[in-house]
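# Observations on the three-dimensional arrangement
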Amino acid sequence: MNKIVFTLLVLCTVGCGFKSEKADLIIHNAKIYSLDEQNSVHQAIAIRGDSIVALGAEREILNKFSGKQIDAKGATLYPGFIDAHSHLYGYSLTQIQLDLKGVKSESEMLAKIAAFKKANPTLKAITGRGWDESEWPTKKLPSRTRIDSIVPNIPLLLGRVDGHSAIVNKAALDLADFNSETTIEGGYVDYNNGILKEVAVQVVADKLPFNITDFDKLINRGANNCIEAGLTTVCDAGLPLEVLKNYQDLAAKGNLPVRLYAMAEPSQENFHYYKTQGTVDEPFFKQYAVKAYADGSLGSRSAALIGDYHDDEGNSGILTTSPDSLEKIAELCDALGLQLNTHCIGDRALNVTLNAYSKFLKPNNDKRWRIEHVQVVQESDLDLFGKLGVVPSVQPTHATSDAKWAAERLGPNRLNLSYAYQTLTKQLGWIALGTDFPVEDIDPIATFYSAVFREDIGGKLNEKFLAEEALTREQALRGITIWAALSMHMEDEVGSLETGKKADLVLLNTDLLEANPEAIKNTSVLLTIIGGKVVFKK
Ligand SMILES: [Zn+2]
Ligand SMILES: [Zn+2]
């Protein structure tokens, strides 16, 4: 026998019989989509501590590593899902507030208010969210008259499903010193009906006696729902300093169940904090971004459009932050090295914001300033995304939820470049996906489904909505993993399965890149792992 072959044989025998390395957890017999640059697919993965130590073929990993094993029985393993735009605190609050999602009429809403009040007699204020008059037979906004007789003595504020309008009762209006003459810059007040929009909602909300005694418990409850849905990193967009500090405490105690990327609201207080205390970059908590609002929402007809609403002559929406103030915010973010993410739904809001960005973003910069939502785009603004390196951050379930009335609001011409996710993806070569929960459900599979099939996963739409703007399956999967991580400056830690990265994984009973749409609708999360720890098991 040739000497070299003999030596190799000996080495192999020794190597195969002796597991040379220790791992804390080995998952094998899986189809593993790594979503690394080569799109490698593996069968087994070894984890030590909170990180990935190896990926490879079944025998290769099992022969090399000893440790606790999980047999995936052929299921598909992905990087843990990431929601690039969501509101964890707001979502967690909805778990203890009056939930008005799916309410079919104003009378049903009134009945729910009465029942909630009866069930919670000690509350100092009633808050809730989720009503949507476009789902009611009347299609008309509600009015406070009958609410005032049900809840006469304590303030009540109920947000519309998009969070950009709210109905309030007389007690809440009194608390904020609103009367029939009140006007609010960047907002709208209909005193007689108790309808508020944009900044006016915030003014009243800030006055309410919120009573959150146990922040840890509240966030844990919301975060655990995320984990069960396969999410391992989520976002909390637009936070006041008090909530940011609560999160910092939670993270310092090691009690944040998911990784969180926080965006501060652009208040003086927050900028002062960034100036004096700097940013936070811990494995479970990231705070180096600011969220500004350029306009409202299409649902509330407060998104700032170029030209009037197709179904509301004379109304072109609201710029909730003036162009000068936006530029000031951009200047501060630039000076402090912060990432700026601005909510822009209408094409006018987008134009104003990109103009403000262009004063501070040089070609080939890597700041990854983002535009949130990007629902309506003027064609001449498109190439600014590529030129300035601005990241589109979109929510595919918004597209399929808005599909039923988007054409009425926008008219046929503007609809062409609306919810245009494929066109937007082409600008930088990537796009970040999220849900904006609690506006939409937390489910990342619903995001994938809407992005790829341009239909809602619940099957309410009868036809595909602007099907030519669909993402490919791979794009959509990257959008909820590595591209979302990129949009949060977290790609070195999470978003793909590669040696050295954090062991954040999700095991599904469905192969999202190959299964038929029906099978995708029935996807179950079998296992969620964050930082090497099993945090959910079906
Ligand atoms: Zn927003
Ligand atoms: Zn949002």
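What counts and what doesn't
Residues numbered from 1 in each chain as written. Chains lettered and ligands numbered in written order. Predicted model: local features only at pLDDT ≥ 70, side-chain atom pairs only at ≥ 80, totals over all residues. Heavy atoms only, no water. Domains from an automatic or database assignment. Donors = N, O, S within 2.8 Å, 3.2 Å for Na, K, Ca; no water. Helix = DSSP H or I, 4+ residues; strand = E, 2+ residues; numbered from the N terminus. Buried < 20%, exposed > 50% of the residue type's maximum accessible area, 1.4 Å probe, protein only. Contact = heavy atoms within 4.5 Å. Pairing = 2+ DSSP bridges. Polar contact = N/O pair within 3.5 Å; in protein donor to acceptor, adjacent residues only side chain to side chain. Salt bridge = Lys/Arg side-chain N within 4 Å of Asp/Glu carboxyl O. 1 Å grid on protein atoms, 1.4 Å probe; cavity = no way out; pocket = protein on both sides within 12 Å on 5 of 7 lines; lining within 4 Å. Points joined across faces, edges and corners; volume = space filled by probe spheres on them. Nonpolar A, V, L, I, M, F, W, Y, C, P; charged D, E, K, R; others polar. Axes fitted to C-alpha atoms, helices over the stretch in contact; angles between N-to-C directions. Left-handed = near helix turned anticlockwise from the far one by under 90°. Core = buried A, V, L, I, M, F, W, Y, C linked by side-chain atoms within 4.5 Å.

### Examining the domain arrangement of the chain
Under the domain assignment used here, the chain contains domain 1 (3-74), domain 2 (88-207) and domain 3 (215-533). Its C-alpha centre places domain 1 at a distance of 56 Å from the equivalent point of domain 2.

### A closer look at the coordination of the zinc ion (ligand 2)
The zinc ion (ligand 2) binds to the protein through His85 (NE2), His87 (NE2) and Asp436 (OD); the donor distances cover 2.0 to 2.1 Å. We note that the donor set of the zinc ion (ligand 2) lies within a single chain, spaced as H-x1-H-x348-D. A separation of 3.3 Å is found between the zinc ion (ligand 2) and the zinc ion (ligand 1). One end of the pair, His85, is in the loop between strand S8 (81-82) and helix H3 (88-94); the other, Asp436, is in the loop between strand S22 (432-433) and helix H16 (444-453), with 351 residues separating them in the sequence. You'll find His85 and Asp436 in the same group, each marked buried.

### A closer look at the environment of Pro444
Among the structural elements, Pro444 can be located in helix H16. Note: C-alpha distance between Pro444 and Thr397 (47 residues apart in sequence) is 9.6 Å. Excluding residues that lie within four positions of it along the chain, Pro444 makes contacts with Phe81, Ala229, Leu231 and Ile480.

### As for the coordination of the zinc ion (ligand 1)
Distances from the zinc ion (ligand 1) to its protein donors, Lys291 (NZ), His343 (ND1) and His373 (NE2), fall at 2.1 to 2.5 Å. Taken in chain order, the donor set of the zinc ion (ligand 1) reads K-x51-H-x29-H.

### Considerations on the sheet that holds strand S7 (residues 76-79)
The strand order across the open sheet built from six strands is S3-S2-S7-S23-S24-S25, with neighbouring strands paired in mixed fashion. Of all strands in the sheet, those with a lone pairing partner are strand S3 (41-42) and strand S25 (533-537), marking the two edges.

### Points about the side chain of Ser165
As for its placement among the helices and strands, Ser165 is situated in strand S12 (residues 165-168). Given a relative accessible area of 2%, Ser165 falls into the buried group. Polar side-chain contacts of Ser165 include one of 2.5 Å to the side chain of Ser300. Apart from the residues lying within four places of it in its own chain, the contact partners of Ser165 are Leu158, Gly159, Arg160, Leu196, Lys197, Val201 and Ser300.

### Considerations on the pattern of salt bridges
Oppositely charged side chains can form a pair if their charged atoms are brought close together. Overall, the coordinates contain 28 salt bridges when judged by the stated rule. Across the salt bridge formed by Glu133 and Arg160, the nearest N and O atoms sit 2.9 Å from each other. Of the two residues, Glu133 is situated in the loop between strand S10 (126-131) and helix H5 (145-150) and Arg160 in strand S11 (residues 156-160); the sequence distance between them amounts to 27 residues. By relative accessible area, which is 6% here, Glu133 ends up buried. One salt bridge connects Glu331 with Lys328, and the closest N-O pair in it is separated by 3.4 Å. With Glu331 and Lys328 both in helix H11 (residues 323-336), this residue pair falls three residues apart, about one helical turn. Connected through shared salt-bridge partners, Asp132, Glu133, Arg160 and Asp162 make up one network.

### Focus: the layout of surface pockets
One number sums up the size of the second largest pocket: a volume of about 370 Å³. If you trace the second largest pocket, you find 19 residues lining it, with Ala251, Gly254, Asn255, Leu256 and Phe284 closest to the centre. Here the lining of the second largest pocket takes three residues from helix H9 (residues 241-252), the largest share from any one element. Along the lines of polarity and charge, the residues of the lining of the second largest pocket split into ten nonpolar, four polar and five charged.

### Some points on the environment of Arg301
With respect to the element layout, Arg301 can be found in the loop between strand S18 (285-293) and H11. Classification of Arg301 by relative accessible area gives partly exposed; the value is 25%. For the pair Arg301 and Pro240, spaced 61 residues apart in sequence, the C-alpha to C-alpha distance is 26 Å. Each residue touching Arg301, except ones within four places of it in the same chain, is listed here: Tyr309, Asp311, Asp312, Asn315, Gly317 and Arg409. Within the structure, Arg301 has its side chain in polar contact with the side chain of Asp311 (distance 3.1 Å).

### What to know about the pairing of strand S23 (residues 505-508)
Successive residues of a regular strand alternate their side chains across the two faces of the sheet. What you see with S23 is no split at all: Leu505 and Leu507 on one side and Val506 and Leu508 on the other are buried throughout. With four bridges joining them, S7 and S23 adopt antiparallel strand pairing. Pairing of Tyr78 across the sheet is with Val506, part of S23.

### Digging into the packing of helix H14 (residues 396-415) against H16
Packing of H14 against H16 leaves a shortest axis separation of 7 Å and a crossing angle of 65°. The two elements H14 and H16 meet at a crossing, and its hand is left-handed. Facing Pro396, Thr397 and Thr400 of H14, the residues of H16 in contact are Ala446, Thr447, Ser450 and Ala451. For the contact of H14 with H16, the residue count by class is three nonpolar, four polar and no charged.

### Description of the sheet that holds strand S6 (residues 65-71)
Strand pairing in a sheet is mediated by backbone hydrogen bonds. Such pairs are either parallel or antiparallel. A sheet is described by the order of its strands in space; here four strands give the open sequence S5-S4-S1-S6, paired in mixed fashion. The sheet is open, and its two borders are formed by strand S5 (51-56) and S6, each paired with just one other strand. Between one strand axis and the next, the sheet turns through 30° on average, direction left out of account. Where strand S1 (residues 21-28) lies against strand S4 (residues 44-48), three bridges are found, and the strand directions are antiparallel. Looking at the pairing, Leu25 lines up with Ile47 of S4.

### Some remarks on the nonpolar core
One finds Phe81, Leu88, Tyr247 and Leu298 to be the most contacted residues of the largest nonpolar core, which totals 123 residues. When residues of this core are sorted by domain, at least three fall in each of domain 2 (88-207) and domain 3 (215-533). Leaving out residues up to four positions away in the same chain, Leu298 has contacts with Ala303, Leu305, Tyr309, Ile345, Gln375, Val376, Trp405, Arg409, Leu410 and Tyr419. Counting residues in hydrophobic clusters, the runner-up holds 18 residues, among them Ile45, Ile52, Leu77 and Ala503.

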